[in-house]
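Spelled out from the first residue to the last, the chains are:
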Amino acid sequence: MVYLGLSCFLLHVFVVFGTELTFELPDNDKQCFYEELEKDVKFDIDFQVIAGGNYDVDSFVTDPLNNVLYNEQKKQYDSFSHTTAMKGVYKVCFSNEFSTFTDKTVYLDFRHGDEEPIIQTMTGPVALTQMESSCVSIHEILKVVADSQTWYRLREAHDRTKAEHLLERVTYWSIGETVLLFVIGIGQVMMLRSFFSEKKGSVAATT
């Protein structure tokens, strides 16, 4: 078992580079990210708004000549894939300029490059040994596990933000109801006291 794990580790070779981050996007603001890529390199972008307002942002992607490759408005989440036609700096931007008072929290996953086979002999129609087949199976399962963990993290962050926002609204509503009850109670007491004061004054006047 130890030899199998060590062999899988040695055969697990990637040329995929990626950036995964979560950032704050203030209202009336725009943030851009830059990446220099070679020609004929595939890149993938996944993003999701996990907090703020209606959970939507504007986003666009441009090539080194400022040609727009992707442009969407008010998206909660989306994915985009593209193969570069030239070498240069590619730009990915997110805009919250349409919002006047609500900040947003955005998750971004940017990957580029191709994944080489974990076993070099897999490039042709050749039979794999039992150990090599096990390594390939473990590799594919780990990829699914990693994607599932990312999805659950985003869902948990999104639900937690909604729960905190709901808690804040319920707290303010409860405070408002409490203050209103005190005001109504004090008003009723003052009104009852005024009735008795008026009656006492009228009795004294008649005597």
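Predicted model only: the values in this text are computed from it and were never measured.

**Student:** What should I look at first to understand the side chain of Asp 44 in this one?
**Tutor:** As for its placement among the helices and strands, Asp 44 is situated in strand E3 (residues 42-51). Here Asp 44 sits buried without a salt bridge, and the closest side chain of opposite charge, Lys 42, lies 4.3 Å off (N-O distance). In terms of polar contacts, Asp 44 uses its side chain to reach the side chain of Ser 81, at 2.4 Å.

**Student:** Sorry if this is basic, but what is going on with the sheet that holds strand E7 (residues 88-95) here?
**Tutor:** Strands belonging to one sheet form pairs held by backbone hydrogen bonds; the direction of such a pair is parallel or antiparallel. In spatial order, the strands read E2-E7-E4-E5; together these 4 strands make up an open sheet with antiparallel pairing. The two strands at the open ends of the sheet, each matched to only one other strand, are strand E2 (30-37) and strand E5 (68-75). Within the sheet, the average angular offset between the axes of one strand and its neighbour, ignoring direction, is 10 degrees. Note: strand E4 (residues 57-62) against E5, 5 bridges, orientation antiparallel. Bridged to Val 57 within E5 is Lys 75.

**Student:** Can you help me understand the nonpolar core in this one?
**Tutor:** The tendency in soluble globular proteins is for nonpolar side chains to be buried side by side. Among the nonpolar cores identified, the biggest contains 18 residues, and Phe 43, Ile 45, Val 57, Val 61, Phe 94 and Val 106 are the most heavily contacted of them. Elements with a minimum of two residues in this core: strand E1 (17-25), E3, E4, E7 and strand E8 (104-112). Ranked by residue count, the leading element in this core is E3, at 4 residues. The residues touching Ile 45, leaving out its near neighbours within four places in the chain, are Val 61, Asp 78, Ser 79, Phe 80, Val 92, Leu 108, Asp 109 and Phe 110.

**Student:** Looking at this model, I keep getting lost on the UniProt feature "transmembrane region" (unreviewed entry) in the protein. Mind explaining?
**Tutor:** Here, the residues flagged by UniProt with the feature "transmembrane region" (unreviewed entry) are residues 170-192. Secondary structure over residues 170-192 splits into 100% helix and 0% strand, and the C-alpha atoms at its two ends are 33 Å apart.

**Student:** Quick question: what am I supposed to make of empty space enclosed by the protein here?
**Tutor:** Summary: where empty space remains is shown by rolling a probe the size of a single water molecule over the atoms. Summed over the entire model, instances satisfying the criterion amount to 1 cavity of 30 Å³ or more. Here the largest cavity is characterised by a volume of approximately 50 Å³. For the largest cavity, the full set of lining residues is Ile 45, Phe 47, Ser 59, Phe 60, Val 61, Tyr 70, Asp 78, Ser 79, Phe 80, Val 92, Cys 93 and Phe 94. Going through the elements one at a time, E3, E4, strand E6 (77-83) and E7 are the ones with two or more residues in the lining of the largest cavity. Its residues assigned to classes, the lining of the largest cavity comprises 9 nonpolar, 2 polar and 1 charged.

**Student:** What should I look at first to understand the pairing of E4 in this one?
**Tutor:** Regular strands place their side chains on alternate faces of the sheet. With respect to burial, E4 is a largely interior element, 6 of its 6 residues being buried. Burial along E4 is two-sided: Val 57, Ser 59 and Val 61 and Asp 58, Phe 60 and Thr 62, pointing in opposite directions, are all buried. Two successive antiparallel strands, E4 and E5, enclose a turn made up of 5 residues, where Asn 66 displays a positive phi of approximately 65 degrees. When E4 meets E7, the two strands line up antiparallel, connected through 5 bridges. By the bridge assignment for E7, Asp 58 is matched with Ser 95.

Conventions adopted
Residues numbered from 1 in each chain as written. Predicted model: local features only at pLDDT ≥ 70, side-chain atom pairs only at ≥ 80, totals over all residues. Heavy atoms only, no water. Helix = DSSP H or I, 4+ residues; strand = E, 2+ residues; numbered from the N terminus. Buried < 20%, exposed > 50% of the residue type's maximum accessible area, 1.4 Å probe, protein only. Lys, Arg positive; Asp, Glu negative; His and termini not counted. Salt bridge = Lys/Arg side-chain N within 4 Å of Asp/Glu carboxyl O. Polar contact = N/O pair within 3.5 Å; in protein donor to acceptor, adjacent residues only side chain to side chain. Pairing = 2+ DSSP bridges. Axes fitted to C-alpha atoms, helices over the stretch in contact; angles between N-to-C directions. Core = buried A, V, L, I, M, F, W, Y, C linked by side-chain atoms within 4.5 Å. Contact = heavy atoms within 4.5 Å. UniProt positions renumbered as here; feature names shortened; annotations may be inferred. 1 Å grid on protein atoms, 1.4 Å probe; cavity = no way out; pocket = protein on both sides within 12 Å on 5 of 7 lines; lining within 4 Å. Points joined across faces, edges and corners; volume = space filled by probe spheres on them. Nonpolar A, V, L, I, M, F, W, Y, C, P; charged D, E, K, R; others polar.

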